Structures are given as structure tokens and as C-alpha cells.
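Take a look at the letters that make up each chain.
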Amino acid sequence: MIEHADKVITPEYLRSMSYPDFVALMKQDNTPPGSAYTVDYWIEHADMSNRSVLLDLACSTGYSSRYCFSKTGSSAEGIDISEVAINTAREKAAVLGAEDKLRYQVSDACSLPFSDDTFTHILGGCNFAFIQEREKALAEVFRVLKPEGIICTSNFYYRKTPGEEIINGVYNAIGFRPDPEWTLQYWQDFFASASLELYHEKNHELSSQPGEELKKSLLSYITAENEYTRQLDETTQNAFYERFLAIREPLNNQRDYQGVTIQLWRKK
């Protein structure tokens with residue numbers, strides 16, 4: 001019998017967890033769109049170094065800041081509203097022996113616990129889409145970013161309009177309803193509204209993965225690749241697989257309507 005926070009892990013318990021908490025429970029590296037390719041792009045074009053001080057915004061389990069640290073020696077503060085995710089991020093930083101360089105805390109992106117002009121870089125990923133008061137969060141990010149500092153983003157955008165069935169499927173899977181109005185122009189206008197200057201951009205069209213291929217890759221991840229779930233009994237692994245598949249199938253279905261834009265925005 002496997003327990004988490006005094007709860008027996010069952011399919012019902014996993015279905016009841018929020019999407020961020022489920023990802024954190026699996027100790028999954030919740031990467032920005034494009035994963036290492038995207039973060040490498042940020043590092044190269046945003047001139048990160050061991051002198052860089054990063055804010056990993058809505059950091060989940062801290063993948064982006066850890067990756068930047070491993071490549072450049074940069075330091076980082078990470079914030080997320082999920083306590084489960086923050087605890088996992090701290091554990092992963094401790095494995096690297098980097099607790100003094102990578103610090104994580106539970107906090108809201110709309111009320112950052114940092115002084116003005118603190119960070120050289122903000123790692124935003126696709127997080128602004130998930131923040132309800134994103135204009136307020138952007139103002140906070142602008143406040144804590146040093147002059148000439150860089151916001152690194154990697155946002156999904158719609159290159160064609162999905163049907164309501166696609167949108168409802170995503171909402172049912174992760175508890176978040178994407179907006180078909182989030183086009184490439186939407187994100188360009190959003191960041192430009194904060195007196196930010198776009199100086200690097202790379203766009204990629206997405207396409208869905210065949211259903212059976214997706215199922216096979218998720219089962220392999222749960223049973224063999226994920227360090228946490230591969231140690232569990234078969235019944236518990238199946239519970240994780242069912243929840244993970246219920247999340248990933250709707251997200252996969254909308255990829256035929258999406259693209260990803262990797263952007264770097266400079267504070268004027």
C-alpha cells in the first residue's frame with residue numbers, strides 16, 4: 001500500500017489531485033514547451049552566465065532554473081503556488097548540492113516577495129497563460145527585473161481555432177481553460193504592452209502524436225523511466241498511468257491547432 005500525505009494512492013485520489021500537485025507527486029520535470037531545446041535557446045541568446053540571477057516564475061519542480069545552473073552556474077529563486085512542487089524542487093536542488101544557489105518558495109506570481117530590480121533574467125516558460133491575473137503578474141515581473149534584464153518565454157499559441165470539444169477536453173484534464181484568442185499576435189501584444197522590447201523569436205508549428213504511440217510512451221515513462229513511479233507496484237503504476245493518460249490525451253489532441261513561440265523580451 002502506497003501513501004502520500006497520509007492518503008492511500010488510488011485512482012480516485014490521483015484524479016482528485018490538481019494538475020500541478022500530480023506532476024509534483026511524480027517528481028516529473030515539468031519543462032517549458034520545447035524542453036532543453038528551449039532553455040538552451042534562452043541561455044545562448046539571453047547571454048546567461050555564472051553572474052546571472054534568475055527568477056524561475058511558476059517554477060513547478062524547478063527544471064528550468066536547475067538546467068540553467070548546470071549549464072552556466074547561474075543562481076535562481078523559484079516560486080510556485082504548489083507546496084508539493086516546491087518541496088520537490090528543493091529536493092532536486094539538494095541532489096545537485098546547490099541549495100545555496102537554487103532557492104524555492106511558495107508564493108504568488110502576482111505578489112512577488114522580492115525587491116525592485118533584483119533579477120537579470122525571468123524564466124517565464126508558458127506560465128503567463130496559466131496565471132489568471134496575468135497583467136498584474138507581468139507588472140510584478142517588470143518591477144523585479146533589472147533594467148536591460150530579459151524575460152524568457154515559450155508560449156503555446158493557436159495558429160487555427162480549435163472547436164469547443166477540444167477546449168473542454170483540456171479544461172477537464174487540467175482544470176484550466178485555454179483561450180482560442182491566444183494567437184501569436186496576442187502574446188506579442190501582451191508583452192509589448194509592458195514596454196518590453198522583443199529582440200529574439202523563433203516559432204514552431206506542432207502536430208499531434210498518434211494515439212497508440214502516445215499510450216506506449218506514457219506507459220514506458222511510468223513503468224521504466226520515471227525514477228519514482230518505476231519503483232511502485234503494478235496496481236499503483238496503473239493508477240498513475242490512467243491519470244497521466246487522461247491529462248495527456250486532450251493536450252495531444254489540441255496540438256494540431258497550436259504552435260510554440262520562443263521569445264526573449266528586454267526591459268527598456
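This text goes with the structure placed above it.
A quick note: this is a predicted structure, and the numbers were derived from the prediction, not measured.

**Q** It is not clear to me how the pattern of salt bridges should be interpreted in this structure. Could you clarify?
**A** Summed over the entire model, instances satisfying the criterion amount to 13 salt bridges. Close ionic contact of R103 with E77 constitutes a salt bridge, the shortest N to O distance being 2.8 Å. A residue pair is termed long-range when its members are at least 10 positions apart, and R103 in strand β5 (residues 102-106) and E77 in strand β4 (residues 75-80) qualify at 26 residues. On the basis of relative accessibility, which here comes to 34%, the residue R103 falls in the partly exposed class.

**Q** It is not clear to me how the nonpolar core should be interpreted in this structure. Could you clarify?
**A** In summary, soluble globular proteins display a tendency toward joint burial of nonpolar side chains. Formed by 54 residues in total, the largest nonpolar core has its most connected members in L14, L55, L57, I122, F128 and F240. No other element matches the 7 residues that helix α10 (residues 234-253) contributes to this core. Beyond its immediate sequence surroundings of up to four residues, L57 is in contact with I79, A109, L112, I122, L123, N127, F128 and V141. Counting residues in each nonpolar core, the second largest holds 26 residues, with A76, I86, A89 and A93 among its members.

**Q** I'm lost on the sheet that holds β4 in this one. Help?
**A** The strands making up a sheet are joined through hydrogen bonds of the backbone, oriented either antiparallel or parallel. Across the sheet, 7 strands lie side by side as β5-β4-β3-β6-β7-β9-β8; this open sheet has mixed pairing. At either end of the open sheet lies a strand with only one pairing partner, and these are β5 and β8 (196-205). Across the sheet, the mean angle separating the axes of adjacent strands is 15° when strand polarity is ignored. Summarising the sheet, strand β3 (residues 53-56) and β4 pair through 4 bridges and their orientation is parallel. Directly across from L55, in β4, lies its bridge partner E77.

**Q** I keep staring at the pairing of β3 and nothing clicks. Help me out?
**A** For a regular strand, side chains alternate in direction, first toward one face of the sheet and then toward the other. Note on the crossover from β3 through helix α4 (residues 63-72) to β4: the handedness is right-handed. Where β3 meets strand β6 (residues 119-125), 3 bridges bridge the pair, whose relative direction is parallel. Bridge assignment links L55 to a residue of β6, and that residue is I122.

**Q** So what exactly am I meant to see when it comes to α4 here?
**A** Each turn of an α-helix holds 3.6 residues, which means side chains three or four residues apart point in the same direction. A large share of α4 lies buried, amounting to 8 of its 10 residues. Along α4, the residues classified as buried are Y63, S64, S65, R66, Y67, C68, F69 and T72. The inward-facing, buried residues of α4 abut α3 (35-45), β3, β4, α5 (83-95), β5 and β6. Backbone geometry just after α4 places G73 at a positive phi near 80°.

**Q** When you look at the environment of P250 in this model, what are you seeing that I'm missing?
**A** Inspection of the secondary structure assignment puts P250 in helix α10. In this structure P250 comes out as buried when scored by relative accessible area, which is 15%. In contact with P250, other than residues within four places in its own chain, are G169, V170, A173 and L245.

**Q** Quick question: what am I supposed to make of the side chain of D56 here?
**A** Here D56 lies in strand β3. For the buried D56, no salt bridge exists, and the shortest N-O distance to an oppositely charged side chain is 7.1 Å, to R66.

**Q** In this structure, what is going on with the packing of helix α9 (residues 211-225) against α10? I would like to understand it.
**A** Contact pair α9 / α10: the axes reach a minimum separation of 10 Å and the direction vectors enclose 140°. Relative to α10, the element α9 is oriented oblique. Between α9 and α10 the crossing geometry is right-handed. Residue-level contacts link L214, K215, L218, L219, Y221, I222 and T223 of α9 to Q237, F240, Y241, F244, L245, R248, E249 and N252 of α10.

About the thresholds
Residues numbered from 1 in each chain as written. Predicted model: local features only at pLDDT ≥ 70, side-chain atom pairs only at ≥ 80, totals over all residues. Heavy atoms only, no water. Salt bridge = Lys/Arg side-chain N within 4 Å of Asp/Glu carboxyl O. Helix = DSSP H or I, 4+ residues; strand = E, 2+ residues; numbered from the N terminus. Buried < 20%, exposed > 50% of the residue type's maximum accessible area, 1.4 Å probe, protein only. Core = buried A, V, L, I, M, F, W, Y, C linked by side-chain atoms within 4.5 Å. Contact = heavy atoms within 4.5 Å. Pairing = 2+ DSSP bridges. Axes fitted to C-alpha atoms, helices over the stretch in contact; angles between N-to-C directions. Right-handed = clockwise from strand over helix to strand, strands pointing away. Lys, Arg positive; Asp, Glu negative; His and termini not counted. Parallel < 35°, antiparallel > 145°, perpendicular 65-115°, else oblique. Left-handed = near helix turned anticlockwise from the far one by under 90°.

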